[in-house]
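In case you want the letters, here they are:
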Amino acid sequence: MAYQNRFNSVDLLINQLTPIVQPGTDPLVLSAMAGIVAVEAVTAYELAIKDIFDEFSRKKNKVFGSFVKSSFSRLNGRIKYQEIKDNMVKAFGEKYLRRFIQKKDAKTIVVMANEHVDLVQTYDNLIIGRHQFVHVGNLTMTLQEAIRYFNIGKELIAALDEAMKR
């Protein structure tokens with residue numbers, strides 16, 4: 001499965017929620033919607049990351065693929081940029097680490113120019129927001145921010161995919 005397919009359910013959710021939001025919608029409802037988007041988005045990121053590493057490792061070697069799939073089976077939201085870079089990509093060697101950083105840096109420039117935000121910070125903020133919503137019960141971002149952050153964060157996942165090619 002192409003990793004991008006993992007985003008389809010979140011995109012569908014966003015498309016279904018957006019028309020429901022009207023001026024005067026209860027702020028608690030909007031916060032819950034943002035939380036749901038954050039949870040779904042981070043779950044999609046986790047699955048996409050697993051797919052990327054699974055595809056990469058299977059192409060290297062069938063046994064290696066099984067090992068990597070087992071090793072990455074429990075990401076559980078531990079997918080902030082620093083963790084991906086230092087604990088995942090780095091394990092595959094300096095070549096892939098350099099490539100990931102270069103791809104991320106290139107996408108960061110584009111995101112900054114187009115969206116006026118930092119790619120890594122925005123991606124990590126969505127993960128933090130999801131954690132707040134699930135474990136604390138509140139979310140400090142709006143529904144529009146959650147949607148925007150999800151779409152921007154896809155660029156970091158794309159950088160990972162581009163880096164993890166032979």
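Please read these numbers as outputs of a predicted model, since none were measured by experiment.

How each quantity is defined
Residues numbered from 1 in each chain as written. Predicted model: local features only at pLDDT ≥ 70, side-chain atom pairs only at ≥ 80, totals over all residues. Heavy atoms only, no water. Helix = DSSP H or I, 4+ residues; strand = E, 2+ residues; numbered from the N terminus. Buried < 20%, exposed > 50% of the residue type's maximum accessible area, 1.4 Å probe, protein only. Contact = heavy atoms within 4.5 Å. Lys, Arg positive; Asp, Glu negative; His and termini not counted. Charge placed at Lys NZ, Arg CZ, Asp CG, Glu CD. Phe/Tyr/Trp six-rings, centres within 6.5 Å; stacked < 30°, edge-to-face > 60°.

**Points about the overall build of the chain**
A tally of helices and strands in the chain yields seven helices and zero strands. Seen through its C-alpha atoms, the chain measures out along the principal axes to roughly 55 × 35 × 25 Å. In the chain, which comprises 166 residues, the share counted as buried stands at 43%. Within the chain, contacts between residues at least 6 apart in sequence are counted, and of these 74% link residues at least 24 apart. Between the averaged position of the 23 positive side-chain charges in the chain and that of its 18 negative side-chain charges there is a distance of 9 Å.

**Description of the packing of aromatic side chains**
According to the stated counting rule, one finds nine aromatic pairs in the structure shown. When the centroid spacing of 6.0 Å and the interplanar angle of 90 degrees are considered together, the rings of Tyr3 and Phe7 count as edge-to-face. The exposure classification of Tyr3 matches that of Phe7, with both residues buried. Here the aromatic cluster, defined as three or more aromatic residues joined through ring pairs, consists of Tyr3, Phe7, Tyr45, Tyr123 and Phe150.

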